[in-house]
Amino acid sequence: MGKSVNPDLAKARSQATFDPANLTNYLYGGPEKLRRKRYLPAFVFKELCTEMSLTDLCLIFLGLLTHVSDYLGLTLSIENMAAKEYKEEGFKSTDDMSREEAYEESMRRAVYTNKRVLQLNLQDQEEQYYFREIFVPGANPFALHYVMFKDAINTQGTEDQIQKWLPLAETYAVTGTYAQTELGHGTFLRGLETTAEYDVQREEFILNTPTITSSKFWPGALGKTANVAILNAKLITKGRNCGMQSFWVPLRHLETHQPLPGITVGDIGPKFGYHTSDNGFLQLNRVRIPRENMLMRYSKVLQDGTFVPPENDRLVYVPMTQFRFVVIGRSGWTLAKAVTVATRYSAVRRQSEITPGGGEVQILDFQTQQHKLFTQIASAYAMIIAAKAAKDLYDSAFSKMEKGNLEDLPMLHALTSSMKAFNTWEMATGVEQCRMACGGHGYLLASGIPQMYTDMVSACTYEGENTVMCLQAARFLNKCQEAANKGERLPQLTRFLQTSRLNISSSLDQDVDLNDIIAAYEFRAATVISEANARLNAGLAMGKSQSEAWNYASQLLVKAALAFSHWFTVRALIENMRGAGFDNSTETLLLQLAKLYALDGMLRYSGDFRKVG
Ligand SMILES: CCCCCCCC/C=C\C/C=C/C(=O)SCCNC(=O)CCNC(=O)[C@H](O)C(C)(C)COP(=O)(O)OP(=O)(O)OC[C@H]1O[C@@H](n2cnc3c(N)ncnc32)[C@H](O)[C@@H]1OP(=O)(O)O
Ligand SMILES: Cc1cc2nc3c(=O)[nH]c(=O)nc-3n(C[C@H](O)[C@H](O)[C@H](O)COP(=O)(O)OP(=O)(O)OC[C@H]3O[C@@H](n4cnc5c(N)ncnc54)[C@H](O)[C@@H]3O)c2cc1C
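Predicted model, so just to flag it, every value in this text is computed and none were measured. (Residues numbered from 1 in each chain as written. Chains lettered and ligands numbered in written order. Predicted model: local features only at pLDDT ≥ 70, side-chain atom pairs only at ≥ 80, totals over all residues. Heavy atoms only, no water.)

In the vicinity of ligand 2 there are 18 residues, among which Y178, T181, T187, G220 and E465 approach most closely. Separating an oxygen atom of ligand 2 from a side-chain N or O atom of E465 is a distance of 2.6 Å. Contact with the protein chains hides 63% of the accessible area of ligand 2, taken as 960 Å² for the molecule alone. If you tally residues by element for the shell around ligand 2, the top one is helix α14 (residues 466-485), at 3 residues. Split by domain, the residues of the shell around ligand 2 number at least three in each of domain 2 (175-310) and domain 3 (319-491 + 512-611). (Near = heavy atom within 4 Å. Polar contact = N/O pair within 3.5 Å; in protein donor to acceptor, adjacent residues only side chain to side chain. Areas by Shrake-Rupley, 256 points an atom, 1.4 Å probe, with all protein chains shown as cover. Helix = DSSP H or I, 4+ residues; strand = E, 2+ residues; numbered from the N terminus. Domains from an automatic or database assignment.)

And the structure:
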């Protein structure tokens, strides 16, 4: 029996001027991917929530075979076992649980999904993510294991190390974390104090956190879940500091889960959000690991202690760059979830009258409510589509890097740094706007929006604090501006610094031309980047050192990085909407949405746009 839909919501949906399926397919990468995304949770929920005879299961299994047999390697006996095991315990909301209970409930669900992903033989990363998100809606205790731990092995390990360690991670023979941040340092990696001193006699590294500030602090899963860490430490060999390197460090006994000798580890305590993630601390008291435990894809330590440096000492940072891409994409989807909740609520919530005596209206009829929500719908589309565009750039650059061509690494770092800052800040303000648009009910945990905010706003801090990330991107942009000042050739992504002109044909009383919108954002970015460069040079002209002049110009440098990201986002949105092959009614609507996004941005940053004319 179909669920009854609220008549106001049904009416609103019936007024759509486009076919939502076109958009859904586009957003999820096509009808087959969408079908898979929908089929998996539906299948598992059906299996879990109704008493099923073996006949039912066979019918579903046969049904699956016609749809998704290309990846489901179901074995009924295992399915039955998983169903029984989970059904008896069932789902419990963590909203009013203690932190301990909430962590245990999330762990129970995460272990269940880990098992099911293996049983269903789900290989596709996105499908794994969709599947997990259904069952572990909050912070997943295995998040670091799924993302940074495995990515670090894949990108920093030698082929032998990958062969040895990745299967352990894939089958959960070990559960991992990525331990880099210390109590005293998160941003300034050259300030990390944890040492890995090479003992040439025993061909081992001695790991040590010599001070309280060198204690690893914040890594997810460190508090209870992980039994191995990819740990970043200062390598010291032959008396020389060779900079930050990554090491495979066992933390807890694989059977008893007790900390190993020399290891002090625990949870850092309650946080603003992310309650079901056990972020922890770790102290190492001269813990020994074999030489083979250093991840040696790019840099090596030979048996005699000789350090072989990497071709580029930034390659050790690749796992962070990779994860920044994950954050860029997920920010858009988080805002999409929040604005979906708020928009549906606004269709069914009747409050106040527009015409006295005319009866209470759907709050979606208020122009102020439309402005709050439609701008966030547009922003969610913009961030999701810009993330896809950035990922295309990333994939092409990364495949070159894998062949040893590192020329795109600076551009990649700048793009991921600036877009991670831009998207997470936009997501944070957008989710909060959606919460407030729902009035008191938005403040209920049951609305789902508060947890989206408290969990995800941490993305403005982790994986590179946003201001710091903007300044990183500004290093690249400033270099490009200096090259432009000298008439030198620029990377493709920043050639607009040399070509951007303000020749807008639109006037305010006509429907604005989309090419003019892109040109306006391009010109604004070029102007802000040029102004930041001018302020830096003014600082130098005042006799400041390079670093003092950098600090003197840093507020404008942050603005330059954000203006660059805003331009990249608007351009990606308009170009992808025009080129996506939608039918006329859908394309018309999406271009209208793109204009709304761009014009709203011009209003929010009207100072920049007025200044550049
Ligand atoms: C939303 C998705 C949710 C999914 C589930 C999530 C669950 C998990 C939740 C949280 C996980 C969180 C994990 C973490 O937070 S891991 C720790 C992250 N920490 C950081 O990001 C540290 C940030 N700091 C730095 O990266 C560096 O210290 C620095 C870049 C700020 C400074 O580097 P440094 O070498 O000290 O100095 P410079 O600025 O002088 O840089 C030198 C040189 O190197 C270039 N460079 C720096 N970083 C990179 C890089 N990553 N890739 C490439 N190149 C890099 C830099 O550009 C300089 O080059 P130059 O300009 O040519 O001189
Ligand atoms: C929920 C969560 C999960 C995390 N998970 C992990 C994990 O799994 N593994 C891990 O290793 N780490 C993790 N972290 C740590 C995270 O990476 C750090 O918090 C982050 O890198 C910021 O560093 P910090 O905390 O030292 O902040 P700081 O760098 O001390 O930032 C404080 C202020 O100083 C400013 N500042 C710092 N440097 C500069 C500069 N050069 N120029 C201008 N301003 C500057 C910043 O802009 C900010 O306003 C996590 C953090 C959180 C919140």
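A few words now on the domain arrangement of the protein chain. Accessible area lost during the coming together of the parts is what is often quoted as the interface size. Considered domain by domain, the protein chain is made up of domain 1 (19-138), domain 2 (175-310) and domain 3 (319-491 + 512-611). At the interface, 7 residues of domain 1 touch 10 residues of domain 2. Interface area, domain 1 with domain 2, both sides summed: about 660 Å², of which 56% is carbon and sulfur. For the domain 1 face of the interface with domain 2, the top three residues by lost area are R99, Y103 and S106, together amounting to 76%. For the pair domain 1 and domain 2, the interface holds 1 salt bridge. Each residue belonging to the side of domain 1 that touches domain 2 can be placed in one class, and the counts come to 3 nonpolar, 2 polar and 2 charged. (Contact = heavy atoms within 4.5 Å. Buried area = accessible area lost by both parts, 1.4 Å probe. Salt bridge = Lys/Arg side-chain N within 4 Å of Asp/Glu carboxyl O. Nonpolar A, V, L, I, M, F, W, Y, C, P; charged D, E, K, R; others polar.)

The positions that UniProt labels "domain: Acyl-coenzyme A oxidase N-terminal" (unreviewed entry) are, in the present scheme, residues 95-173. The span residues 95-173 carries 73% helix and 0% strand; its end-to-end C-alpha distance comes to 31 Å. (UniProt positions renumbered as here; feature names shortened; annotations may be inferred.)

What follows deals with the nonpolar core. Residues W248 and W567 are the most contacted members of the largest nonpolar core, which totals 142 residues. Of the residues forming this core, the biggest block, 15 residues, is contributed by helix α11 (residues 367-402). Excluding residues that lie within four positions of it along the chain, W248 makes contacts with F149, I153, W165, L168, V174, V228, A229, I230, I289, N293 and L295. Formed by 24 residues, the second largest nonpolar core is a distinct cluster that contains A196, L222, L235 and I289. (Core = buried A, V, L, I, M, F, W, Y, C linked by side-chain atoms within 4.5 Å. Buried < 20%, exposed > 50% of the residue type's maximum accessible area, 1.4 Å probe, protein only.)

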